[in-house]
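Single-letter residue listing:
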Amino acid sequence: MTIKNKIFISGTLFFLIFVMLALMSIRLHREVSFNLNARDKANQDLAGIQASIKWRNHVISLIADIVAQEHVPPLAKEHFQLPAGPHLPNHEILAKSGLRLVDLIALKEQASTETDRSFRQLRDKINRLYHQLDEKITTMLAIVQLDSVLGDNVSEKSTLAPYVLKSLNQLTLVALNALISKQFPDDAASIVIENQLFISSQIQLIDSDGSISGLFSELFTQIKSLELLIIESNTILSRFNKQISDAKHNFDQAARGTEFDTIVAKVTSQLSSANKKLKEASRFSLITTVLFLFIVPFLVIAVGISGLNTVILAPIGHLLNAMKGIKDGNFDVVVPIRAQDEIGKLAWAFNAMAAEIKTKVVEMSRLNQELHENEKELTRLRNFLSNIINSMPSMLVAVDRDGNITQWNNRTEQITGVSFEDAYAKPLGKVFPRLAREKDRIMTAIRERRVISTLKVSFNTGQERGFEDITIYPLVTAIDIDGAVIRIDDVTDQVRLEEMMVQNEKMLSVGGLAAGMAHEINNPLAGIIQTANVMKSRLENLEIPANISVADEIGISVNQIRVFMQKRGILRMLCAINESGRRVSEIVDNMLSFSRKSNADFSSHHPAQLMDRILELAATDYDMKKHYDFKTIKIIKKYEDNLPMINCEGVKIQQVLLNILRNGAQAMHSQNMGSDYTPCFI
């Protein structure tokens, strides 16, 4: 936009401002009229609301009095007529619910009056029957007493009459209590039934003409009517109470629905809003007048001066400052472009030129920075790779195509005692003689471009023999093969562990064979022990009929056989056979128990019994290589008295004790103390 167009637009803008002020004055006059009408209407609504509030409060107070007294005064329904004028919401519901509640209370009052009349009628009938029965029974008692004075036989009447009178009194008391409390409890019903049964079964003994029985029947009928009347009246009153409670609840809800706080607040808010708007309109009228007379002319002058400075003078000053910055080497300077006029186009061209110069300078700085960063990254990667190589637990050696050393990590320095500086560029066979035999494989790996591995290569470290895995990797570059990398891993511990596992497998196989042999020994051993027991039984008891019969058959006496066995020690030999068989059986049982796979269950064991079993098992130990026999060791047992039971895995504890005894026996045997020395365990 050109400067000429800007001046034209500024004039048009000022004209529109004057038009807008005129329209605002017209709108202000119309708004004042509208707010005056709104204020008058709010005052009228507020007066109507106050009259409705007075009627509502009077109705609520009247209902509260009627409910509390349970009595409807005359002309009470006239108070529920709605006041004249416009009605607020829910007023008709409040009036209807109030009339409904008054009608129910009036009906309840009428029902109570009728019920009281029925109770009075029943009370009069029961009193009449009571007096008649009392008169007859009293007369009967007087006659009985007179007959007693005259000497006549009146035993039944004299006995039953007091009880009948007592029943009459009880029935009358129950009826009067029911009339007073208007309740007929279960105990009262029980008393009536008991007395009715008594009267019906005994009254004929003293009632010759049936008059007393008839009166009692009528009395029971009236008491039954009293019970039914009480139930019916309680039911009617309960129904009325329920209806009255519901009607009271509905009335309370309707009363809460006619709360005027919100309506009053709304009307008050409308009145306040109208007054506020009138004040704002007056204030706005004053402001408009001031604008027309003072502020608008001042703004015209100020905007004109400011526009001249903004459109022409300020942009030219920015251009001059930017040129000076470029001259001083500050390429970040930017001329602000405030408009698209002639001066703005000049500023845009200057900024484009400065940006191009800055781009070239920044590009040169970036290239220098990248070069510096690449050098730092190369150094970091070289150090990182060197740290990885030196941190490896394996020996790592790199050689070129001629077999000369090019890399030598810290682990190799520790093993060979030669530093990398001393080994660099020297033949591998001279610096590390142990790898001289690998030269052919190294050349093969380089030539064929494949990895060659040699596992478990043995070497001597002076005192003991070791094993290592040697892996040769061809060092392939982007162009050609540049040598090889040799990794040497010490696997001596792994090889020894494998040998131990093989030995353990052998021992497990031997244990299985021993268990099988023990089972095979048990079968003939049981036959030997059983046969020896049978022989001993037959030879000790020579007087049994079978022995005597066989002796007579071959012509020898039983006493001769007994003397022969005593002379030859036959019975003693049989006892020795039994004892030896039992001893072998215990050894076999201990071996089977010890060789059996443990299920890792804890159980209670006695320490002395565990030690005795393992001593018996250890007595069979014999080392053919070291030529020692456990039986030659003297055993002295000194157990503590009253040892407690311990919770443990018995087989594992026996294994530990057996290892201790075997180690001790081997240690004592290796001392070679002479023929007079007797090894001993205590």
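See above for the structure.
K.L.:
Which parts of the structure should I look at to understand the nonpolar core?
P.N.:
Most often, soluble globular proteins keep nonpolar side chains buried together rather than apart. Counting residues in each nonpolar core, the largest one holds 24 residues, and the members touching the most others are Leu-171, Phe-184, Val-192, Phe-216, Leu-219, Ile-223 and Leu-226. Mapped by element, the contributors of at least two residues to this core are α2 (91–150), α3 (155–181), α4 (186–202) and α5 (211–257). No other element matches α5, which puts nine residues into this core. Residues within four places of Phe-184 in sequence aside, it is in contact with Val-174, Ala-178, Ala-189, Val-192, Ile-223, Glu-227 and Ile-230. Listed in part, the 20 residues of the second largest apolar core include Ile-405, Val-431, Leu-435 and Ile-472.

K.L.:
For this particular structure, what's the right way to read a nonpolar patch on the surface?
P.N.:
On the surface, Phe-15, Leu-16, Val-19, Leu-23 and Ile-26 cluster together to form a nonpolar patch covering roughly 500 Å² of accessible area. Inspection of the secondary structure assignment puts Phe-15 in helix α1 (residues 3–69).

K.L.:
Explanation requested: helix α11 (residues 439–448) in the structure shown.
P.N.:
Turn by turn, an α-helix covers 3.6 residues, leaving residues three or four places apart pointing in a common direction. Three or more residues of α11 are buried, namely Ile-442, Thr-444, Ala-445 and Ile-446. With its phi angle positive at about 55°, Arg-449 sits one or two positions after the end of α11.

K.L.:
Is there a simple way to explain the pattern of salt bridges in this structure?
P.N.:
For side chains bearing opposite charge, pairing can occur when the charged atoms are close. For the coordinates displayed, the defined rule picks out 11 salt bridges. Across the pair Glu-438 and Arg-441 runs a salt bridge, and its minimum N-O distance is 2.6 Å. Taking the relative accessible area as the measure of exposure, Arg-441 reaches 31% and is therefore partly exposed. Where Asp-612 meets Lys-637, a salt bridge forms, and the shortest distance between an N and an O atom there is 3.1 Å. Here Asp-612 is found in helix α16 (residues 607–618), whereas its partner Lys-637 is found in the loop between β9 (634–635) and β10 (646–648), with 25 residues between them in sequence. Here Asp-612 falls in the partly exposed class, since its relative accessible area comes to 25%. Judged by its relative accessible area of 48%, Lys-637 falls in the partly exposed class.

Analysis parameters
For every chain, the first residue of its written sequence is number 1, and the numbers climb from 1 along that sequence. In keeping with the model being predicted, local features are shown solely for residues with a pLDDT of at least 70 and side-chain atom pairs are shown and tallied solely at 80 or more, while totals for entire chains, interfaces and linings include all residues. Note: side-chain values were computed over all heavy atoms of the structure, leaving out hydrogens and water. Buried Ala, Val, Leu, Ile, Met, Phe, Trp, Tyr and Cys residues form a nonpolar core when they are joined through side-chain atoms within 4.5 Å. Note on exposure labels: buried denotes an accessible area under 20% of the residue type's maximum, exposed denotes more than 50%, and partly exposed covers the range between, all computed with a 1.4 Å probe on protein chains only. Secondary structure elements are defined from DSSP: runs of H or I of at least 4 residues count as helices, runs of E of at least 2 residues count as strands, and each element is numbered from the N terminus. We call two residues in contact when some of their heavy atoms are within 4.5 Å. Nonpolar side chains (Val, Leu, Ile, Met, Phe, Trp, Tyr) are joined into patches within 5 Å and like charges within 9 Å, using only residues with over 30% relative accessible area and no salt bridge. What sets the accessible areas is the Shrake-Rupley method with a 1.4 Å probe; for residues, cover comes only from the shown protein chains. By salt bridge we mean one thing: a side-chain nitrogen of Lys or Arg within 4 Å of a carboxyl oxygen of Asp or Glu.

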